[in-house]
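Commentary on secondary and tertiary structure
Below, each chain spelled out in residue letters.
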Amino acid sequence: MKLNSLEEKIFQNLKIEDIKFLKSQPFFIKIKNLTVVHAGVTNTIFLENATKKDFAKVMRLRFVDEYGNFVSLNDISKKACCYWSEVYDGHDGFIVYGHQPFLKPKIDRFSIGIDTGCVYGNRLTAVIFNILNDEVIIPSYRFESVKAKNIYAKREKPWLI
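What comes next is a walk through the structure.

Conventions adopted
- Here the residue numbering is sequential within each chain, running from 1 through the sequence in written order.
- Restriction of local features to residues with pLDDT of at least 70 applies here, the model being predicted, together with a cutoff of 80 or more for giving and counting side-chain atom pairs; totals for whole chains, interfaces and linings are based on all residues.
- The side-chain quantities take in all heavy atoms of the structure and omit both hydrogens and water.
- Whenever a pair of cysteine sulfur atoms sits within 2.5 Å, that pair is classed as a disulfide.
- Only protein chains enter the calculation, and the probe is 1.4 Å; a residue is then buried if its accessible area is under 20% of its type maximum, exposed if over 50%, and partly exposed in between.
- Strand pairing is assigned whenever DSSP identifies at least 2 bridges connecting the two strands.
- A helix here means a DSSP run of H or I that spans at least four residues, while a strand means a run of E at least two residues long, and both kinds are numbered starting from the N terminus.
- All axes are obtained by fitting lines to C-alpha atoms, using only the stretch in contact for helices, and the reported angles, taken between N-to-C directions, cover 0 to 180 degrees.
- Remark: nonpolar core denotes a set of buried residues (Ala, Val, Leu, Ile, Met, Phe, Trp, Tyr, Cys) joined through side-chain atoms within 4.5 Å.
- The contact criterion used is simple: two residues touch if any of their non-hydrogen atoms lie within 4.5 Å.
- The aromatic pairing rule takes the rings of Phe, Tyr and Trp, using the six-membered ring of Trp, and pairs them if the centres are within 6.5 Å, calling planes under 30 degrees apart stacked, those over 60 edge-to-face and the rest tilted.
- Exposure above 30% relative accessible area and the absence of a salt bridge qualify a residue for a patch, where like charges join within 9 Å and nonpolar side chains (Val, Leu, Ile, Met, Phe, Trp, Tyr) within 5 Å.
- For every accessible area listed, the method is Shrake-Rupley and the probe measures 1.4 Å; residues are considered covered only by the protein chains on display.
- A pairing counts as a salt bridge when a side-chain nitrogen of Lys or Arg comes within 4 Å of a carboxyl oxygen of Asp or Glu.

1. Observations regarding the state of the cysteines
Here the structure, examined in full by the defined rule, presents 0 disulfides. C82 provides the cysteine sulfur closest to C81, a residue in no disulfide bond, and the two sulfurs are 3.0 Å apart. Judged by its relative accessible area of 44%, C81 is partly exposed.

2. Remarks on the sheet that holds strand 1 (residues 28-31)
Overall, mixed pairing links the 5 strands, which are arranged 1-2-6-8-7 in an open sheet. Edge positions in the open sheet fall to strand 1 and strand 7 (106-108), since each of these has one partner strand only. Neighbour to neighbour, the strand axes of the sheet diverge by 15 degrees on average, direction disregarded. Pairing between strand 1 and strand 2 (residues 34-37): 4 bridges, direction antiparallel.

3. Focus on the pairing of strand 10 (residues 135-147)
Inspection of the sheet shows strand 9 (residues 123-132) paired to strand 10 by 10 bridges, in the antiparallel sense. Paired with F129 across the strands is Y141, a residue of strand 10. Between strand 9 and strand 10, which pair antiparallel one after the other, the connecting turn spans 2 residues, and N133 there sits at a positive phi close to 50 degrees.

4. Examining the nonpolar core
If you look at the biggest cluster of nonpolar residues, it comprises 20 residues, and the most contacted ones within it are V37, V41, L47, W84, I95 and Y97. With sequence-adjacent residues up to four places away left out, W84 is seen in contact with A39, G40, V41, L61, R62, F63, V64, I95, Y97 and S111. The next biggest cluster of nonpolar side chains, apart from the first, holds 9 residues, and it includes L34, I114, V127 and V136.

5. With respect to the packing of aromatic side chains
Evaluation of the coordinates by the stated rule reveals 12 aromatic pairs. On the numbers, 6.0 Å between centres and 75 degrees between planes, the contact of F94 with F129 is edge-to-face. Within this pair, whereas F94 is found in strand 6 (residues 94-97), its partner F129 is found in strand 9, the two being separated by 35 residues in sequence. Like F129, F94 is buried.

6. Focus: a nonpolar patch on the surface
On the surface, I29, I31 and V36 cluster together into a nonpolar patch covering about 230 Å² of accessible area. Within the element layout of this structure, I29 appears in strand 1. Relative accessible area serves as the criterion here: at 44%, I29 is assigned to the partly exposed category.

7. Focus: the pattern of salt bridges
A side chain of one charge can pair with a side chain of the opposite charge if their charged atoms are brought near each other. This model, assessed by the stated rule, comprises 3 salt bridges. Close ionic contact of E86 with K106 constitutes a salt bridge, the shortest N to O distance being 3.1 Å. On the criterion of sequence distance, the pair formed by E86 in the loop between strand 5 (82-83) and strand 6 and K106 in strand 7 is long-range, its members being 20 residues apart. Residue E86 is classed as partly exposed on the basis of its relative accessible area, which comes to 43%. Its relative accessible area of 13% is what places K106 among the buried residues. In this structure, K106 and D108 form a salt bridge, with 3.4 Å as the shortest nitrogen-oxygen distance. The pair formed by K106 and D108 is uniform in burial state, with each residue classed as buried. Residues joined by salt bridges that share partners form a network here, namely E86, K106 and D108.

Interpretation in functional terms is not warranted from these geometric data alone.
As structure tokens, this is what we get:
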């Protein structure tokens, strides 16, 4: 993945132990019918069989084109038709994700976005599911949320959606 200048600066300050820790982490967490990813999944990416190129998309996904394919931020105005979660078909289970800040959690048929912009001074939000007979009960969840103590980063329009 290509890093922007801020990401490059962060990367340069990482220690060997930090890099080893990050490399040891999974790209997604699957607990029965619940999947946690950083940004999202397209209907053409299946996490169990994903390539490195697919995982690069999973880490940055926001918008898809009319065929459900990943659209980079540089191409949004030309190619994007909608936000990925609005057309996601549920093939990798119910998805909990972050990456795109919303003023409140984004609830779709097969996903919940819980990035509520803490870094921009809004809120830090978690979703808590009930479990019955070792299965996550998808319609049964609640949110816990706290106000950010500070504005940690500035961005002109963090709420793109």
